[in-house]
Each structure stands twice: as structure tokens, then as C-alpha cells.
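Residue-level structural notes
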Amino acid sequence: MKRKSDKTEWFWLWVVIVIVVLWQQYEHRTLHRQLVEVTATVNRLKEKASELDPYMQTLQYHMGKLWFAVRAGNWELAAFQYEELAETVETVKELHQTEHNVNVTQMIEELMDPRLDNMKTAIAERRLDAFVTRYRQTLISCNNCHDATGHPYIQITIPNLPPVPNQNWATQ
């Protein structure tokens, strides 16, 4: 009797092992398929996120708001807009983009970072004349980058109109 019971136990043990192995293979295929789908989605999102145009528009937006804040003497708003601008610049650098064989990150580090640092100092010191000079220098750097990356038709200027019509620029 004992031998028959041993054989039954072994039989069921093997059944359980086969089921576990088959289940693991099924889970592995399912996980692999899900991983492939997630990887494809991430790659599509990375490609979309790496487009420079939305970031450039954001930079232009904050540059415009920065200009009008300073012109109104609202240095607190200017400091805030500067920080928003700097955050966007850092994001653009993290994209590690190349445009027309030009490394955009390197171009920003060489042309923009020193200009932005100088502009930050002018804001902190609340010096309108220094700010205007450094703002213009920053715009020149923007346009030099556009030229170098094959976009000479994009030339940024000092704004004539505020980027938003419903902003109170005055100090509160």
C-alpha cells in the first residue's frame, strides 16, 4: 500500500511542478509582452518630449513676462519669471538635442548660461540698466543659437506687447 501512495504523491508532485512551470512561462510571456508595450510607449513619449519647439515657446513666454515685470519695477515677479526661465533652460539641456549637427546643450552652456547668470545678478541688484543690457545680450545669444542650428528665420526681439493680456505687472 505504501508504494502506491508514494507513486500517487510523486504523480501529484510532478503535476504541480508542470503546472508551476507552465504558469511561469505564461507569466513570463505576458510580462515580456507588457514590457515591450511599455518600452514602445516610453520611446514615443521621449520622442515627443524631446521636441524643442514647446520648450522654446516656454522660454520666449517667460522672457516676455520677465521683460514686462522689470519694466514695471516688479522685481519679485521678475525673480519668479527668471526662475521659471532657468528651470526651462535646464530641462532643454537635459534633452541632449542636436540640431543640424550642433549640440544644443553645449550651445546653451556656452552662450546662455553666462548670460542668464548675469541677468540673475541684475535682477537681484534691481539694476534696470544692467538688466536691459543683459537681457539684450541674452536675446543675441538666443538668435546666435538659432542661426547655428539652422533656424536663422527665428529671431527673438524685445517684446512690444505683453505675452498675456491679463497680467498685472505692477508691484503689489
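Residues numbered from 1 in each chain as written. Predicted model: local features only at pLDDT ≥ 70, side-chain atom pairs only at ≥ 80, totals over all residues. Heavy atoms only, no water.

Turning next to helix H4 (residues 104-125). Here H4 is 22 residues long and its end C-alpha atoms lie 30 Å apart, about the 32 Å a rise of 1.5 Å per residue gives. Of all the bends in H4, the greatest reaches close to 40° and is centred on methionine 112; the proline proline 114 follows between one and four positions later. Restricting attention to buried positions, one finds in H4 the residues Val104, Thr105, Met107, Ile108, Met112, Asp113, Leu116, Met119, Ala122 and Ile123. Where H4 is buried, its residues contact helix H2 (52-71), helix H3 (75-95), strand E1 (98-99), strand E2 (102-103) and helix H5 (128-148). A distance of 3.0 Å separates the backbone nitrogen of threonine 105 from a side-chain oxygen at the start of H4, and that oxygen is part of asparagine 103. (Helix = DSSP H or I, 4+ residues; strand = E, 2+ residues; numbered from the N terminus. Expected span 1.5 Å × (residues − 1). Bend = angle between axes of the 7 residues up to and from the residue. Buried < 20%, exposed > 50% of the residue type's maximum accessible area, 1.4 Å probe, protein only. Contact = heavy atoms within 4.5 Å. Polar contact = N/O pair within 3.5 Å; in protein donor to acceptor, adjacent residues only side chain to side chain.)

Below, the discussion takes up the pattern of salt bridges. If the charged atoms of two oppositely charged side chains come close together, the side chains can form a pair. For the structure on display, the rule yields five salt bridges. One salt bridge in this structure joins aspartate 113 and lysine 93, with 2.8 Å as the shortest N-O distance. Of this pair, aspartate 113 sits in helix H4 while lysine 93 sits in helix H3, placing them 20 residues apart in sequence. Residues aspartate 113 and lysine 93 agree in their burial class; the two are buried. One salt bridge in this structure joins glutamate 125 and arginine 127, with 3.1 Å as the shortest N-O distance. Judged by its relative accessible area of 36%, arginine 127 falls in the partly exposed class. Three or more residues are tied together by salt bridges with common partners; here these are Glu90, Lys93 and Asp113. (Salt bridge = Lys/Arg side-chain N within 4 Å of Asp/Glu carboxyl O.)

So, about the packing of aromatic side chains. A complete count under the given rule lists six aromatic pairs for this structure. A centroid spacing of 5.1 Å and a plane angle of 75° characterise the contact between phenylalanine 11 and tryptophan 12, whose relative ring orientation is edge-to-face. Ring geometry for tryptophan 23 against tyrosine 26: centres 5.4 Å apart, planes inclined by 35°, an arrangement best described as tilted. Taken together, the residues span about one helical turn, with tryptophan 23 and tyrosine 26 both in helix H1 (residues 2-49) at a distance of three residues. Looking at tryptophan 23, the relative accessible area reads 51%, which means it is exposed. Taking the relative accessible area as the measure of exposure, tyrosine 26 reaches 42% and is therefore partly exposed. An aromatic cluster is built from Trp67, Phe131 and Tyr135, whose rings are joined through pairwise contacts. (Phe/Tyr/Trp six-rings, centres within 6.5 Å; stacked < 30°, edge-to-face > 60°.)

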